[in-house]
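Here's the letter readout for the chains.
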Amino acid sequence: EAGVAQSPRYKIIEKRQSVAFWCNPISGHATLYWYQQILGQGPKLLIQFQNNGVVDDSQLPKDRFSAERLKGVDSTLKIQPAKLEDSAVYLCASSLDGVGFYEQYFGPGTRLTVT
Amino acid sequence: GEDVEQSLFLSVREGDSSVINCTYTDSSSTYLYWYKQEPGAGLQLLTYIFSNMDMKQDQRLTVLLNKKDKHLSLRIADTQTGDSAIYFCAEKTNDYKLSFGAGTTVTVRA
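Thresholds, definitions, all that
- Each chain carries its own residue numbering, running from 1 in the direction its sequence is written.
- Chains carry letters from A onward and ligands carry numbers from 1 onward, assigned in written order.
- For a predicted model such as this one, the threshold for reporting local features is a pLDDT of at least 70, and the threshold for listing and counting side-chain atom pairs is 80 or more; totals across whole chains, interfaces and linings nevertheless cover every residue.
- No hydrogens and no water enter the side-chain calculation; it runs on all heavy atoms of the structure.
- Any Lys or Arg side-chain nitrogen located within 4 Å of an Asp or Glu carboxyl oxygen qualifies as a salt bridge.
- Within this scheme, the nonpolar core is defined by two criteria: the residues are buried Ala, Val, Leu, Ile, Met, Phe, Trp, Tyr or Cys, and they are joined through side-chain atoms within 4.5 Å.
- A 1.4 Å probe rolled over the protein chains alone gives each residue an accessible area, and that area as a share of the maximum for its type sets the label: buried under 20%, exposed over 50%, partly exposed in between.
- The helix count covers DSSP runs of H or I at least four residues long, the strand count covers runs of E at least two residues long, and both are numbered beginning at the N terminus.
- A pair of strands is labelled paired if DSSP reports no fewer than 2 bridges between them.
- Comment: axis = line fitted to C-alpha atoms, over the contacting stretch for helices; angle = value between 0 and 180 degrees taken between N-to-C directions.
- Working rule for contacts: check all heavy atoms of both residues, and any pair within 4.5 Å makes them a contact.
- Criterion for a disulfide: a pair of cysteine sulfur atoms at a distance within 2.5 Å.
- Put simply, the grid is 1 Å and covers the protein atoms alone, a cavity is a trapped set of points that fit a 1.4 Å probe, a pocket is an open set with protein on both sides within 12 Å along at least five of seven lines, and lining residues have an atom within 4 Å of a point.
- Grid points are joined across faces, edges and corners, and a volume is the space filled by probe spheres set on the points.
- Working definition: rings of Phe, Tyr and Trp (its six-membered ring) pair if their centres are within 6.5 Å, and the pair is stacked with planes under 30 degrees apart, edge-to-face with planes over 60 apart, and tilted otherwise.

> How do you make sense of the pattern of salt bridges when you look at a structure like this?
Going through the model one piece at a time under the given rule, you end up with five salt bridges over all chains. Asp57 of chain A is the salt-bridge partner of Lys62 of chain A, the closest N and O atoms lying 3.7 Å from each other.

> How do you make sense of the nonpolar core when you look at a structure like this?
One recurring pattern in soluble globular proteins is that nonpolar side chains are buried together. Formed by 21 residues in total, the largest nonpolar core has its most connected members in Phe21, Trp34, Leu77, Ile79, Tyr90 and Leu112 of chain A. Elements supplying a minimum of two residues to this core: β3 (19–24), β4 (31–37), β5 (44–50), β8 (75–79), β9 (88–95) and β11 (110–114) of chain A. Ranked by size, the runner-up nonpolar core spans 19 residues in total, among them Val4, Leu61, Ala85 and Val108 of chain B.

> Looking at this structure, I do not really get the sheet that holds β8 of chain A. What am I missing?
Through backbone hydrogen bonds, the strands of a sheet pair up, either in parallel or in antiparallel fashion. All names here are of chain A. Reading across the sheet, the four strands line up as β1-β3-β8-β7 and stay open at both edges, with antiparallel pairing between neighbours. Each having just a single partner strand, β1 (5–7) and β7 (65–68) make up the two edges of the open sheet. Each neighbouring strand pair of the sheet contributes to a mean axis angle of 15°, computed without reference to strand direction. Of the pairings in the sheet, the one linking β1 to β3 comprises three bridges and is antiparallel in character. Residue Ala5 lies in a different strand from β3, and its bridge partner there is Asn24.

> I'm lost on the side chain of Arg64 of chain A in this one. Help?
Residue and element names in this part refer to chain A. With respect to the secondary-structure elements, Arg64 resides in the loop between β6 (53–56) and β7. Overall, the relative accessible area of 11% leaves Arg64 in the buried class. Leave out the neighbours within four places in its chain, and Arg64 touches Lys78, Ile79, Gln80, Pro81, Ala82, Lys83 and Asp86.

> Before we go on, may I ask you to explain the state of the cysteines in this structure?
Two cysteines, two sulfur atoms, one covalent bond between them: this is a disulfide. A complete count under the given rule lists two disulfides over all chains for this structure. In this model, Cys23 of chain A is linked to Cys92 of chain A through a disulfide, with the two sulfur atoms separated by 1.9 Å. On the sign convention where negative is left-handed, the bridge of Cys23 of chain A and Cys92 of chain A, at about -70° about the S-S bond, is left-handed. Of this pair, Cys23 of chain A sits in strand β3 while Cys92 of chain A sits in strand β9, and the two are 69 residues apart along the sequence. Note on accessibility: Cys23 of chain A and Cys92 of chain A belong to one class, buried. Each disulfide pairs two cysteine sulfurs, and for Cys22 of chain B the partner residue is Cys89 of chain B, the sulfurs being separated by 2.0 Å. Disulfide Cys22 of chain B-Cys89 of chain B: the torsion about the S-S bond is -65°, which places it as left-handed. Here Cys22 of chain B, found in strand β3 (residues 18–24), pairs with Cys89 of chain B, found in strand β9 (residues 85–92); they are 67 residues apart in sequence, far enough to count as distant.

> What is the right way to read the layout of surface pockets from this model?
Over the atoms a probe the size of a water molecule is rolled, and this reveals where empty space is left. Approximately 530 Å³ is the volume found for the largest pocket. Contributing to the lining of the largest pocket are 29 residues, with Gln37, Leu39 and Arg111 of chain A together with Gln37 and Ile86 of chain B lying nearest its centre. Taken together, the elements giving at least two residues each to the lining of the largest pocket come down to β9 and β11 of chain A together with β9 and β11 (104–109) of chain B. Of the volumes computed, that of the second largest pocket is approximately 460 Å³.

> How should the environment of Ser51 of chain B be read in this particular structure?
Tracing the sequence through the fold places Ser51 of chain B in the loop between β5 (43–50) and β6 (55–58). Sequence separation of Ser51 of chain B and Tyr31 of chain B is 20 residues, and the distance between their C-alpha atoms is 5.5 Å.

> Sorry, what's going on with the sheet that holds β6 of chain B here?
Residues and elements named next belong to chain B. On the basis of which strands lie adjacent, the open sheet formed by five strands has the order β1-β3-β8-β7-β6 and antiparallel pairing. With partners counted over all chains shown, the strands left at the sheet margins are β1 (4–6) and β6, one partner each. On average, each strand axis in the sheet is inclined to that of its neighbour by 15°, with strand direction left out of account. Bridge count for β3 against strand β8 (residues 71–76) is six bridges, and the pairing is antiparallel. Residue pairing in the sheet places Ile20 in a bridge with Leu74 of β8.

> Before we go on, may I ask you to explain the packing of aromatic side chains in this structure?
Two aromatic rings, taken as a pair, are described by how far apart their centres are and by the angle between their planes. Applying the stated criterion to the full structure yields 14 aromatic pairs over all chains. On the numbers, 6.3 Å between centres and 65° between planes, the contact of Tyr31 of chain B with Tyr48 of chain B is edge-to-face. You can see Tyr31 of chain B sitting in strand β4 (residues 31–37) and its partner Tyr48 of chain B sitting in strand β5, a full 17 residues away along the chain. A ring pair is formed by Tyr35 of chain B and Phe100 of chain B, whose centres lie 5.6 Å apart and whose planes are at 55°; its orientation type is tilted. Taken together, the residues Tyr35 of chain B in strand β4 and Phe100 of chain B in strand β10 (residues 98–100) connect sequence positions 65 residues apart. This pair shows no difference in class: Tyr35 of chain B is buried, exactly as Phe100 of chain B is. These aromatic residues form a ring-pair network of at least three members: Tyr33, Tyr35 and Phe106 of chain A together with Tyr31, Tyr33, Tyr35, Tyr48, Phe50, Phe88 and Phe100 of chain B.

This is how it looks when you write it as structure tokens:
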């Protein structure tokens, strides 16, 4: 079974530029998550999708971050404009469903450096 | 501050047991998890325990849960060099969100 795919793996941009990350979840997984992992911290949930609807985006800085999951499969996360504090690894995860125990499978992440 | 707290570093000799500790704050947590993260990789679920259990064993891994003290531990028996990684404790609360600790970096020395 193919895992969660993310691209690019690394990205370096200057502050005030924009950037987009892409995630392809495991086939058949209804729930998709984007996490931000700052160096030395645990992952923090940014947004959760159930199919193509948003379940939770309470931690997403909506003035600069946006995410979509068209057709309930792939997802993109965008930052515009980027700030220095956005430097982090952005992890995408998916699960069969968002309730109960369903294991979350994580992708390898995109490491973003904002200079 | 973090709702889930862990010590930051652990150094252990190859072949010894490792014990990683974690405390959490939400008494309504339904599941508690241990994830492993190797350099450049995403998180991999190692094991989990349901909140009505106090112990779970899975090959070299033993999870102990003290619900009264909100304390969770992961013991790795016969630690190997491949066990060097960052280990994250996480709790799943009633709203089904995962809340992670900052991670414990385990270094296995020969």
